[in-house]
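# Residue-level structural notes
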Amino acid sequence: MCGIVGAVARRNVVPLLLEGLKRLEYRGYDSAGLAIISNGLHCVRSIGRVAQLEAQAHAEQLSGELGIAHTRWATHGAPTEINAHPHTDDTGNIAVVHNGIIENYEALRRQLQQQGYVFESETDTEVIAHLVHSCYARHQDLAR
Ligand code: GLU
């Protein structure tokens, strides 16, 4: 179980994402993170409560008009910063937050590693970021 927030607006959405995470914190509170697009993709992740993520986001003066955020209740991988969402692909251009479990993630992970993808976390979620990248790289329709 987890909490997911996404926002796009003609103003800085970081406070909105953090407020959303606070409201959803009961759904997961072992770690939290957010990704913002502002001259590229920027991620901040933190173990513990949303308040810790908020402090980090302020320290890094994170700001942008489009973002996603996640508060985690770990199912695959320990509650560490590296396992916190969002997870990104190798290029750092694709960020993913996810609720639930990917049952066939081990097979997908092996397949992607054979293609050269490098995994940094222990989560099932990270396969999505690499899988999306591999589809784009092969100009495949994601719906197939
Ligand atoms: N299975 C994912 C993980 O362990 C998502 C867990 C959640 O829904 O918070 O990171």
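Heads up: these notes are all about the structure in this document. Per chain, residue numbering runs from 1 following the sequence as it is written. It should be noted that, the model being predicted, local features are given only for residues of pLDDT at least 70 and side-chain atom pairs only at 80 or more, the latter also being counted only at that level, while totals for whole chains, interfaces and linings use all residues. The side-chain numbers reported here are obtained from all heavy atoms of the structure, hydrogens and water having been left aside.

## A word on the overall build of the protein
Only DSSP runs of H or I reaching four residues or more are called helices, and only runs of E reaching two or more are called strands; each is numbered from the N terminus. Of the regular secondary structure elements, the protein holds 4 helices and 6 strands. Counting helices and strands in the order they occur from the N terminus, the protein gives β-α-β-β-α-β-β-β-α-α. Based on C-alpha atoms, the radius of gyration is set beside the globule rule, defined as 2.2 Å times the residue count to the power 0.38. Taking 144 residues into account, the globule formula puts the C-alpha radius of gyration at 15 Å, and the protein, at 15 Å, falls close to it. Taking the principal axes of the C-alpha coordinates as reference, the protein spans close to 40 × 30 × 25 Å. Any residue under 20% of the maximum accessible area for its type is buried, any over 50% is exposed, and the rest in between are partly exposed; the area is computed with a 1.4 Å probe on protein chains only. By residue count, 42% of the 144 residues in the protein fall in the buried class. In what follows, residue pairs with any heavy atoms lying within 4.5 Å of each other are defined as contacts. For the protein, restricting intrachain contacts to residue pairs at least 6 apart in sequence, the fraction spanning at least 24 positions comes to 63%. For the accessible areas, the method is Shrake-Rupley and the probe is 1.4 Å, while residue cover comes only from the protein chains on display. Split by element, the accessible area of the protein, about 7,800 Å² in all, is 50% carbon and sulfur. Taking the average location of the 12 positive side-chain charges in the protein and that of its 16 negative ones, the two points are 5 Å from each other. In this tally, Asp and Glu contribute negative charge and Lys and Arg positive charge; neither His nor the terminal groups of the chain are included. To locate a charge, take NZ of a lysine, CZ of an arginine, CG of an aspartate or CD of a glutamate.

## Examining the site of the ligand
Contacts to the ligand come from 15 residues, most closely from Arg72, Thr75, His85, Gly100 and Asp124. In the analysis that follows, any N or O atom pair within 3.5 Å is treated as a polar contact, provided that within protein one partner can donate a hydrogen and the other can accept it, and provided that, for residues neighboring in sequence, both atoms belong to side chains. His85 places a side-chain nitrogen or oxygen 2.8 Å from an oxygen atom of the ligand. At 2.8 Å from a nitrogen atom of the ligand is found a side-chain nitrogen or oxygen belonging to Asp124. Alone, the ligand offers 300 Å² of accessible surface; in the complex the protein occludes 100% of this. Mapping the ligand onto the cavity grids shows that it belongs to the largest cavity. A cutoff of 4 Å decides nearness: a residue is near a molecule or strand if any of its heavy atoms lies inside that distance of it. Only protein atoms enter the 1 Å grid, on which a cavity is a set of points fitting a 1.4 Å probe that cannot get out and a pocket is an open set with protein on both sides within 12 Å along at least 5 of 7 lines, lining residues being those with an atom within 4 Å of a point. A pocket or cavity is taken to hold a molecule when more than half of that molecule's atoms are within 2 Å of the pocket's grid points.

## Observations regarding a nonpolar patch on the surface
There is a patch of nonpolar side chains on the surface, built from Met1, Tyr29 and Trp73 and spanning about 330 Å² of accessible area. Its location among the elements puts Trp73 in the loop between β4 (66-72) and β5 (87-88). According to the relative accessible area criterion, Trp73 is partly exposed, its value standing at 43%. Each patch groups residues whose relative accessible area exceeds 30% and which form no salt bridge, using 9 Å between like charges and 5 Å between nonpolar side chains of Val, Leu, Ile, Met, Phe, Trp and Tyr. Each reported salt bridge corresponds to a side-chain nitrogen of Lys or Arg within 4 Å of a carboxyl oxygen of Asp or Glu.

## Re the sheet that holds strand β1 (residues 3-8)
Pairing between two strands is assigned when DSSP locates at least 2 bridges connecting them. Strand order in the open sheet formed by 4 strands is β1-β4-β2-β3, and the pairing between neighbours is antiparallel. Looking at the sheet topology across the chains shown, the edges are occupied by β1 and β3 (41-47). The sheet shows a mean angle of 10° between the axes of neighbouring strands, taken without regard to direction. Two elements, β1 and β4, share 6 bridges in a ladder whose sense is antiparallel. Looking at the pairing, Ala7 lines up with Gly67 of β4. Simply put, an axis is a line fit to the C-alpha atoms, just over the touching stretch for a helix, and the angle between two N-to-C directions goes from 0 to 180 degrees. Together, β1, β2 (31-37) and β4 form the strand contacts of helix α1 (residues 14-23), whose direction differs from that of β1 by roughly 160°. Along the sheet, helix α2 (residues 50-59) contacts β2, β3 and β4; its crossing angle with β3, the most-contacted strand, is approximately 140°.

## Examining the state of the cysteines
Should the sulfur atoms of two cysteines be covalently bonded, the bond is a disulfide. The disulfide criterion is simple: two cysteine sulfur atoms within 2.5 Å. Scanning all chains against the criterion turns up 0 disulfides. We note that Cys43 lacks a disulfide partner, and the nearest cysteine sulfur, in Cys2, lies 15 Å from it.

By themselves these figures say nothing about function.
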